[in-house]
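# Examining the three-dimensional arrangement
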Amino acid sequence: MNEEEKIQTYGKEVLEALSSLVKWKYDDFHKVMLAEFSVDKQDQVLFTLQQTLPVCWDAKTIKKAPDQVKHYAGQFSKLVKQQKLFSSNIERQPKVMAAWWPWGHGATVSVRLFLTDTSPYIPKTGIIHKLSRLFA
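Scoring rules and cut-offs
Residues numbered from 1 in each chain as written. Predicted model: local features only at pLDDT ≥ 70, side-chain atom pairs only at ≥ 80, totals over all residues. Heavy atoms only, no water. Helix = DSSP H or I, 4+ residues; strand = E, 2+ residues; numbered from the N terminus. Rg over C-alpha atoms; globule rule 2.2 N^0.38 Å. Buried < 20%, exposed > 50% of the residue type's maximum accessible area, 1.4 Å probe, protein only. Core = buried A, V, L, I, M, F, W, Y, C linked by side-chain atoms within 4.5 Å. Contact = heavy atoms within 4.5 Å. Arc of directions from axis to C-beta.

Another aspect to go through is the overall build of the protein chain. Counting its secondary structure elements, the protein chain contains 5 helices and 6 strands. Taken from the N to the C terminus, the helices and strands of the protein chain come in the order α-α-β-β-α-β-α-β-β-β-α. Taken against the 2.2 N^0.38 rule, which gives 14 Å for 136 residues, the C-alpha radius of gyration of the protein chain at 15 Å falls within 12% of a compact globule. Across the 136 residues in the protein chain, those meeting the buried criterion constitute 39%.

Rendered as structure tokens:
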């Protein structure tokens, strides 16, 4: 299976739940399924997304999120204001996650459904890592 087919397979529940609200397309550059929509749909889309991927982090809470969340999300764990990251229960090692990205001009929002990093998560140990977590 190629990347697009994997996202469509593992993310089927999310894609189908939102298909009546948004139009999905594959973004080959970021290797994600992408939906772009007007802010007038954001409440409906956000509500539906939270039904399928109920665990959510924002720019503030991602700093205190478990390290495996950042591992699974990779580049999408770097959130700025109003961006969100959605997942199923992290203990089940989700195969897909979603990034909520409002655009700077305020009229458009995009959702990016992506495959998680499937390499084994190896917890960081050591005093520097523990101290840096205290000040995150």
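Right, let's talk about the nonpolar core for a bit. The biggest cluster of nonpolar side chains holds 22 residues, and the ones touching the most others in it are Trp24, Leu49, Trp100 and Leu113. Secondary-structure elements contributing two or more residues to this core are α2 (12-18), β2 (32-38), α3 (42-52), β5 (96-102) and β6 (108-115). With 4 residues, β6 is the largest single contributor of residues to this core. Contact partners of Leu113, with chain neighbours within four places excluded, come to Ile7, Gly11, Val14, Leu15, Trp24, Val32, Met33, Leu53, Val96, Met97 and Ala98. Membership of the second largest hydrophobic core comes to 15 residues, among which are Leu34, Trp57, Leu85 and Phe114.

This part covers α3. Looking at α3, one finds that the buried residues are Val45, Leu46, Thr48, Leu49 and Thr52. Viewed along the axis of α3, the buried residues span an arc of 165 degrees, placing them on a single side of the element. Facing away from the buried side of α3 by over 90 degrees, the exposed positions are Asp43, Phe47 and Gln51. Of the surrounding elements, those touching the buried residues of α3 are α2, β2, β4 (84-87), β5 and β6.

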